Amino acid sequence: MAVEGGMKCIKYLIFIFNFLFWVSGIALIVVGILVQTQMNGTFLISDSSASGAPIVIIVVGVVINFVAFFGCCGAWKENYCMVTTFAILITLIFLIEIAAAIAGYIFKDQIRGVLESKFNETMHNYSNKNASIDQLQKKFQCCGNINYTDWFSIPPFNKTVPDSCCKTPSPDCGLNTTSSNIYQIGCVNLIDKWLKENFVIVAGGALGIALFQLLGIIFACVLMKGIRSGYEVM
């Protein structure tokens, strides 16, 4: 009876775990969509390499929802095959997340180079009236790539800057670059700093989810052992 009660407790713990796991999957999907929107709409990065990270986050969120549903069914029906499949899938997700975290840490310093390249490209295409760069400069209170003088060689400015570089925007305020009304710091420096600060937050959240998944793997293995040993879990 003691073992039966213990297995029953594990069964309900797995059920609760999978509900929380499902919530984390929904959260990942939302985060992935927000990151993708932010990068495409604000960071001016729309190529496939930059979009890869948020797409992976969304895909992982969808997979987590599927696995959580699978785990709930397996635990509730006390099906050894379903619980085993759940344990294997969640272990694979755990390993993928660890690998992704390591890769993200290794390549995080390369983000600055991508930002500089894309920002410079967007500046040279400003004649196409790309409003995204104006939104970015207003949001981060910055001007140019490295500093405001980067605009001087970009047609049609010629020693001037866009009005979005002004601390207090007004028509043609960017013509007077000697004014204290012009932001001096470049956008890449501020965006790179912002990304690194938020990387710590994201990494901490990912670590918490990974540890949570590890508990799920342990619970699933214990329940698998109980089912296989022939104990009845009510």
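Criteria and cut-off values
- Residues numbered from 1 in each chain as written.
- Predicted model: local features only at pLDDT ≥ 70, side-chain atom pairs only at ≥ 80, totals over all residues.
- Heavy atoms only, no water.
- Helix = DSSP H or I, 4+ residues; strand = E, 2+ residues; numbered from the N terminus.
- Buried < 20%, exposed > 50% of the residue type's maximum accessible area, 1.4 Å probe, protein only.
- Areas by Shrake-Rupley, 256 points an atom, 1.4 Å probe, with all protein chains shown as cover.
- Salt bridge = Lys/Arg side-chain N within 4 Å of Asp/Glu carboxyl O.
- Patch = residues over 30% accessible without salt bridge, like charges linked within 9 Å, V, L, I, M, F, W, Y side chains within 5 Å.
- Lys, Arg positive; Asp, Glu negative; His and termini not counted.
- Contact = heavy atoms within 4.5 Å.
- Disulfide = S-S within 2.5 Å.
- Core = buried A, V, L, I, M, F, W, Y, C linked by side-chain atoms within 4.5 Å.

**Brief notes about the overall build of the protein chain**
Consideration 1: What the protein chain contains, in helices and strands, is six helices and zero strands.
Consideration 2: Going from N to C terminus, the protein chain has its helices and strands arranged as α-α-α-α-α-α.
Consideration 3: A buried classification covers 38% of the 234 residues belonging to the protein chain.
Consideration 4: Here the protein chain displays about 13,000 Å² of accessible surface, and carbon together with sulfur accounts for 68% of that area.

**Quick word on the pattern of salt bridges**
Consideration 1: Tallying each qualifying case throughout the model produces one salt bridge.
Consideration 2: We note a salt bridge from Glu121 to Lys118, for which the minimum N-O separation is 3.9 Å. Placement of the pair is Glu121 and Lys118 together in helix H4 (residues 111–124), with a separation of three residues, close to one helical turn.
Consideration 3: Overall, Lys118 belongs to the buried group, its relative accessible area being 18%.

**Comments concerning the environment of Val62**
Consideration 1: If you trace the backbone, Val62 turns up in helix H2 (residues 48–77).
Consideration 2: The exposure class assigned to Val62 is partly exposed, which follows from its relative accessible area of 47%.

**Things to note about a nonpolar patch on the surface**
Consideration 1: Together, Ile16, Phe19, Leu20, Trp22, Val23, Ile26, Val30 and Leu34 line one region of the surface with nonpolar side chains, adding up to about 720 Å² of accessible area.
Consideration 2: Note that Val23 resides in helix H1 (residues 2–41).

**Things to note about the environment of Ile90**
Consideration 1: Assignment of secondary structure puts Ile90 in helix H3 (residues 80–107).
Consideration 2: Judged by its relative accessible area of 0%, Ile90 is buried.
Consideration 3: The spacing of Ile90 and Ala220 is 130 residues in sequence and 9.7 Å in space, taken between C-alpha atoms.

**Remarks on the side chain of Asp134**
Consideration 1: Its place among the elements puts Asp134 in helix H5 (residues 131–140).
Consideration 2: Lys138 provides the closest opposite charge to the buried, salt-bridge-free Asp134, at an N-O distance of 6.4 Å.
Consideration 3: When neighbours within four sequence positions are excluded, Asp134 is seen to be in contact with Tyr126, Pro162 and Ser164.

**A look at the state of the cysteines**
Consideration 1: By the definition in use, this model includes three disulfides.
Consideration 2: Put simply, Cys142 and Cys187 are joined by a disulfide, and their sulfur atoms are 2.0 Å apart. Taking the torsion about the sulfur-sulfur bond, which here is approximately 90°, the covalent link between Cys142 and Cys187 counts as right-handed. Separated by 45 residues along the polypeptide, Cys142 in the loop between H5 and helix H6 (187–228) and Cys187 in helix H6 bring together distant segments of the chain. Across this residue pair, the class does not change: Cys142 and Cys187 are buried.
Consideration 3: Two residues share a disulfide in this structure: Cys166 and Cys173, whose sulfurs sit 2.1 Å from each other. Between Cys166 and Cys173, the S-S torsion sits near 115°, and that sign places the bridge as right-handed. Per residue, the accessibility class of Cys166 equals that of Cys173, and both read buried.
Consideration 4: The disulfide pattern of the protein chain is 1-6, 2-3, 4-5 when the bonded cysteines are numbered in sequence order.

**Considering the nonpolar core**
Consideration 1: Counting residues in hydrophobic clusters, the biggest one holds 23 residues, and the most contacted among them are Phe119, Leu136, Cys143, Trp151 and Val161.
Consideration 2: Going through the elements one at a time, H4, H5 and H6 are the ones with two or more residues in this core.
Consideration 3: When residues no more than four places from it in sequence are discounted, the contact partners of Val161 are Cys143, Tyr148, Trp151, Phe152, Gly174, Thr177 and Ile182.
Consideration 4: If you look at the next biggest cluster of nonpolar residues, it comprises 22 residues, including Leu28, Ala68, Val83 and Ile227.

By themselves these figures say nothing about function.
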